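Fold and geometry: a report
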Amino acid sequence: MNIEEIIEAHGDYLLRVAYLYVKNRATAEDIVQDVFISFYEKHEQFRAEASLRTYLVKMTVNRSHDHLRSWKAKRLMLFEKVRGKGSNDTPERAMLEKAEKRELVEALLTLSLIYREVLILYYFEEMTTVEIAKLVDCPEATVRTRLQRARKQLAHRIKDYEWEELRHESIQE
């Protein structure tokens, strides 16, 4: 079986598997593409101990987990948690997301140090709450509380920022 036949036979299924993990079609497509490239480069390592489909699904699941642990995914998770929105892959939405990310960074910088610190360490540096607790020398429960409060403050500041923008626009009209 050549690679084209393998892609034809398993591509749609692997795309659905990846999508169930990452909940974004473009990201799922990238993951499946990486899986097929990796399989093509290392197909001789496949020992047929399980079916090819099982082997490819395992690779897809592992890639999906890798993506979810990545800094990019954590930043997107923070952004979506604060904004309460999913990603939509249109050029207009991409421009809006860029502006919203700038707004997120501006709002992040207005937080007090203890809240800004835990958000940065958790989402950008990919540290666990246990690691953060050791680093900042406080109990893990305190770190979790700070993360929760920081998310709420960030969401509130973003809403305040939007309200100011709307008020500013109505004054100019």
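The numbers attached to residues start from 1 for each chain and follow its sequence in the written order. Since the coordinates come from a predicted model, pLDDT governs what is reported: local features require at least 70, and pairs of side-chain atoms require 80 or more to be given and counted, while whole-chain, interface and lining totals use all residues. Note: side-chain values were computed over all heavy atoms of the structure, leaving out hydrogens and water.

1. Brief notes about the packing of aromatic side chains
Note on aromatic pairs: the rings of Phe, Tyr and Trp (six-membered ring only in Trp) are paired at centre separations within 6.5 Å, and the planes decide the class, stacked below 30 degrees, edge-to-face beyond 60, tilted for the rest. Summed over the entire model, instances satisfying the criterion amount to one aromatic pair. Centre to centre, the rings of F39 and Y55 are 6.1 Å apart; their planes meet at 65°, and the pair counts as edge-to-face. With a gap of 16 residues between them, F39 in helix α2 (residues 25–41) and Y55 in helix α3 (residues 52–69) connect regions that are remote in the sequence. With a 1.4 Å probe rolled over the protein chains alone, any residue whose accessible area is under 20% of its type maximum counts as buried; one over 50% counts as exposed, and the rest are partly exposed. Classification of F39 as buried rests on a relative accessible area of 6%. Of the residues examined, Y55 reaches a relative accessible area of 26% and is grouped as partly exposed. Strands are runs of DSSP state E lasting at least two residues, helices are runs of H or I lasting at least four, and both sets are numbered from the N terminus onward.

2. Section: the environment of L119
Here L119 is to be found in helix α6 (residues 113–124). For L119, a relative accessible area of 0% corresponds to the buried category.

3. Examining the packing of α6 against helix α7 (residues 129–136)
Every axis in this analysis is a line fitted to C-alpha atoms, fitted for helices over the stretch in contact. Angles between the N-to-C directions lie between 0 and 180 degrees. Relative orientation of the contacting elements α6 and α7 amounts to 135°, with a least axis distance of 10 Å. One finds that α6 runs oblique with respect to α7. By crossing handedness, the relation of α6 to α7 is classed as right-handed. Between α6 and α7, the contacting residues are E117, V118, L121 and Y122 on the first element and T129, I132, L135 and V136 on the second. For this scheme, ten residues count as nonpolar: Ala, Val, Leu, Ile, Met, Phe, Trp, Tyr, Cys and Pro. Four count as charged, namely Asp, Glu, Lys and Arg, and the remainder, Gly too, count as polar. Among the residues making up the contact of α6 with α7, the classes are represented as six nonpolar, one polar and one charged. Each angle receives one of four descriptions, namely roughly parallel if under 35 degrees, roughly antiparallel if over 145, roughly perpendicular if within 65 to 115, and oblique otherwise. When the near helix sits turned anticlockwise from the far one by under a right angle, the crossing is termed left-handed; a clockwise turn instead gives a right-handed crossing. In what follows, residue pairs with any heavy atoms lying within 4.5 Å of each other are defined as contacts.

4. With respect to α3
Between its first and last C-alpha, α3 extends 26 Å over 18 residues, near the 26 Å set by a 1.5 Å rise per residue. Those residues of α3 not exposed but buried are L52, L56, V57, M59, T60, V61 and S64. On its buried side, α3 packs onto α1 (3–22) and α2. Here a helix's expected span is defined as the number of its residues, less one, multiplied by 1.5 Å.

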